[in-house]
2 protein chains.
Amino acid sequence: MSNAIFYHAGCPVCVSAESRILDVIDHNKVNLEIVHFGKGQANRIPEAEAHGVKSVPALVIDGEVLHINFGASMKTLKTADHLSSDRPTTLSKH
Amino acid sequence: MSNAIFYHAGCPVCVSAESRILDVIDHNKVNLEIVHFGKGQANRIPEAEAHGVKSVPALVIDGEVLHINFGASMKTLKTADHLSSDRPTTLSKH
């Protein structure tokens, strides 16, 4: 069984990638957790960075990071003061 | 059943991503084809570009492109004159 964490921030790029990942992943082989920084989970940004996540959306599988497309850099997330909204306006530009 | 194509060029970033994708994808739900530009399949670069692939490795699922990490731009691939080798040296720098 693999453990995977999909980190995202609610931007359209993230939501689209999340949908595709959920569709194609084998849920019998992979424990998948979704972490949405914009929904009260911004406290997990340091954990994501410790895994090597540089941008979101990102899928960490057993500690290995796959960055998917490019939604937003971690730096942008940390300086965004409106992360609590569902669709941060600065992120939706991507 | 979804149709997915994983385009890559044999660079380490690509090979690592390929391994992860093969591990976690649900092969009962997804027909996955692997296209290796460096192994006689460089003629499929135009097809990949038509799907919207900008860099490899990339996973196209039912026409939607997920760029994974960043191995090499399509421009680099098209100007590489040693694509026929298994591990193009310019790509392995990424």
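For clarity, every value in this text was computed on a predicted model and none was experimentally measured.

How should the pattern of salt bridges be read in this particular structure?
Working definition: two side chains of opposite charge can pair if their charged atoms are close together. All chains considered together, the criterion is met by nine salt bridges over all chains. Between R20 of chain A and E64 of chain B there is a salt bridge, with its nearest N and O atoms 3.0 Å apart. Of this pair, R20 of chain A sits in helix 1 (residues 12–24) while E64 of chain B is found in strand 4 (residues 64–73), placing the two residues in two different chains. One salt bridge in this structure joins E47 of chain A and R44 of chain A, with 2.9 Å as the shortest N-O distance. By sharing partners, the salt bridges in this structure join E33, R44 and E47 of chain A into a single network.

Any chance you could explain helix 1 (residues 12–24) of chain B here in plain terms?
An α-helical turn contains 3.6 residues, so any two residues separated by three or four positions project in the same direction. Taking 1.5 Å as the rise per residue, helix 1 of chain B with 13 residues should run 18 Å; its terminal C-alpha atoms sit 19 Å apart, in good agreement. Residues of helix 1 of chain B that are buried: V13, C14, A17, E18, R20, I21 and V24 of chain B.

Hey, could you run me through the relation of the copies chain A and chain B in this one?
Both copies of the chain are related by a screw-like operation: a rotation about an axis and a shift along it. Rotating chain A by 180 degrees about the axis while translating it 0.0 Å along that axis superimposes it on chain B, leaving an RMSD of 0.0 Å. Taken together, the rotation angle and the small translation identify this as a two-fold axis. Comparing interface residues between copies, 100% of those in chain A also lie at the interface in chain B; the contact surface is shared.

Cut-off values and rules
Residues numbered from 1 in each chain as written. Chains lettered and ligands numbered in written order. Predicted model: local features only at pLDDT ≥ 70, side-chain atom pairs only at ≥ 80, totals over all residues. Heavy atoms only, no water. Salt bridge = Lys/Arg side-chain N within 4 Å of Asp/Glu carboxyl O. Helix = DSSP H or I, 4+ residues; strand = E, 2+ residues; numbered from the N terminus. Expected span 1.5 Å × (residues − 1). Buried < 20%, exposed > 50% of the residue type's maximum accessible area, 1.4 Å probe, protein only. Least-squares fit on C-alpha atoms with pLDDT ≥ 70 in both. Contact = heavy atoms within 4.5 Å.

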